[in-house]
Amino acid sequence: KGNVSLVGLTKKYDSSLAVSDINLTIEAGQYCCLLGPSGCGKSTTLRMIAGHESVSSGQILLSGKDVTHLSPRQRGTAMMFQNYALFPHMTCLENVAYGLKVAGKNREDRTKAALDMLASVDMQDHQHKVPAHLSGGQQQRIALARALICQPDVILLDEPLSALDPFLRIQMRKELKQIQRQLGLTFIHVTHSQEEAFALADIAVVMKDGVIEQSGTPKSIFERP
Ligand code: ADP
Ligand code: ADP
């Protein structure tokens, strides 16, 4: 549960190949960083795994199941973005509970689950605030709580730290890693930062022009003589 396999994954836009025949296996509970220069296909790959982008050819297996043609909600994935994408008019509690509402849970159950989740990211004292009244780091925690509430097996993160100042970025990096370890979840994290990958990743995957150029432990990739 939580393992990811990409088999010959390919995405064609009209004239160009954004992602070209990618093969990759990520074990359950691993922290994978997807790296490479702008335009190399990182986000397209992540969006295909999330189900926000259709696949031109190939397969996506999550927890052993072929999800290539399933809707985002049927995949057991949750996405976290750079700008957090919190609903600005909702309180923290409502933001975190939102996924359960979509899933049809009653108010009492979703409030209880959301309060538990807020406590697990140490944000229970802020439940009635709207996102604009939180710091960047606090918004990040709410975004994480919101992603975790539907108990996904795989968390997909698209440059989640790049809007933070350098100090907060390093702090939130630690928190992400800690939560990932604690919950034993699979994380796939798109970043352009080698330093970030070094700090976070069990496995780093370097893309270039739509293909995988290198993959392995960050040490084996970045410390090669
Ligand atoms: P990265 O995340 O590594 O910066 P992307 O996955 O966003 O790269 O983009 C990979 C390639 O696909 C780029 O050449 C980009 O211009 C192209 N691309 C991305 N999205 C679209 C789209 N919706 N339509 C056409 N081309 C796209
Ligand atoms: P309740 O049944 O708990 O009163 P509502 O259906 O009124 O909830 O929605 C609660 C809030 O969530 C509302 O402010 C609504 O505008 C907002 N909301 C619902 N769906 C979305 C969505 N897809 N994007 C942004 N906000 C949404």
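Here, every reference points to the structure presented above.
Predicted model, so just to flag it, every value in this text is computed and none were measured.

## Notes on the overall build of the chain
Here is step 1: For the chain, the helix and strand inventory stands at seven helices and 10 strands.
Here is step 2: Seen through its principal axes, the chain has C-alpha atoms that stretch 50 × 40 × 30 Å.
Here is step 3: Out of the 225 residues in the chain, the part that is buried amounts to 51%.
Here is step 4: Considering only contacts in the chain between residues 6 or more positions apart, those separated by 24 or more positions represent 68%.

## A closer look at the site of ligand 2
Here is step 1: The immediate surroundings of ligand 2 are formed by F87, H89, M90, Y98, K101, R107 and R110.
Here is step 2: Within the contact set of ligand 2, an oxygen atom lies 2.2 Å away from a side-chain nitrogen or oxygen of K101.
Here is step 3: Between ligand 2 and R107 there is a distance of 2.5 Å, counted from an oxygen atom to a side-chain nitrogen or oxygen.
Here is step 4: Contact with the protein chains covers 40% of the free accessible surface of ligand 2, which is 570 Å².

## What about the state of the cysteines?
Here is step 1: Taken as a whole and judged by the stated rule, the model has zero disulfides.
Here is step 2: Sulfur of C32: no disulfide; nearest cysteine sulfur belongs to C33 and is 6.8 Å away.
Here is step 3: Not engaged in a disulfide, the cysteine C92 finds its nearest cysteine sulfur in C150; these two sulfurs lie 17 Å apart.
Here is step 4: Residue classification places C92 among the buried positions, given a relative accessible area of 0%.

## As for the site of ligand 1
Here is step 1: In the vicinity of ligand 1, the contacting residues are Y13, A18, P37, S38, G39, C40, G41, K42, S43, T44 and R47.
Here is step 2: Side-chain polar atom of T44 to an oxygen atom of ligand 1: 2.6 Å apart, as the coordinates give it.
Here is step 3: For ligand 1, the protein covers 58% of the area, taking 560 Å² as the surface of the free molecule.
Here is step 4: Ranked by residue count, the leading element in the shell around ligand 1 is helix α1 (residues 42-50), at four residues.
Here is step 5: Of the residues contributing to the shell around ligand 1, the split by class is four nonpolar, five polar and two charged.

## Thoughts on the packing of helix α2 (residues 92-102) against helix α4 (residues 136-148)
Here is step 1: Taken N-terminus to C-terminus, the directions of α2 and α4 make an angle of 25°; their axes are 7 Å apart at the nearest point. Between α2 and α4, the angle is such that the two are roughly parallel. In this structure, α2 meets α4 at a crossing whose hand is right-handed. In this structure, α2 uses C92, N95 and V96 to contact α4, whose residues at the interface are I142, A145 and R146.
Here is step 2: The residue inventory of the contact of α2 with α4, partitioned by class, reads four nonpolar, one polar and one charged.

## Looking at the packing of α4 against helix α5 (residues 166-183)
Here is step 1: Contact geometry of α4 with α5 gives a least axis separation of 10 Å together with a crossing angle of 20°. As summarised for this structure, α4 and α5 are arranged roughly parallel, according to the angle between their axes. For the crossing formed where α4 meets α5, the hand is right-handed. On the side of α4, the interface is formed by G136, G137, Q140, R141, L144 and L148, while α5 contributes L168, Q171, M172, E175, L176, I179 and L183.
Here is step 2: Its residues assigned to classes, the contact of α4 with α5 comprises seven nonpolar, four polar and two charged.

## Some remarks on the sheet that holds strand β4 (residues 57-62)
Here is step 1: Here we have four strands laid out as an open sheet, ordered β2-β1-β4-β5, and antiparallel in their pairing. The sheet is open, and its two edges are formed by β2 (16-26) and β5 (65-66), each paired on a single side.
Here is step 2: The strands touched by α1 are β1 (4-13), β2 and β4; relative to β1, the strand with the most contacts, the crossing angle is about 115°.

Rules used in this analysis
- Residues numbered from 1 in each chain as written.
- Chains lettered and ligands numbered in written order.
- Predicted model: local features only at pLDDT ≥ 70, side-chain atom pairs only at ≥ 80, totals over all residues.
- Heavy atoms only, no water.
- Helix = DSSP H or I, 4+ residues; strand = E, 2+ residues; numbered from the N terminus.
- Buried < 20%, exposed > 50% of the residue type's maximum accessible area, 1.4 Å probe, protein only.
- Contact = heavy atoms within 4.5 Å.
- Near = heavy atom within 4 Å.
- Polar contact = N/O pair within 3.5 Å; in protein donor to acceptor, adjacent residues only side chain to side chain.
- Areas by Shrake-Rupley, 256 points an atom, 1.4 Å probe, with all protein chains shown as cover.
- Disulfide = S-S within 2.5 Å.
- Nonpolar A, V, L, I, M, F, W, Y, C, P; charged D, E, K, R; others polar.
- Axes fitted to C-alpha atoms, helices over the stretch in contact; angles between N-to-C directions.
- Parallel < 35°, antiparallel > 145°, perpendicular 65-115°, else oblique.
- Left-handed = near helix turned anticlockwise from the far one by under 90°.
- Pairing = 2+ DSSP bridges.

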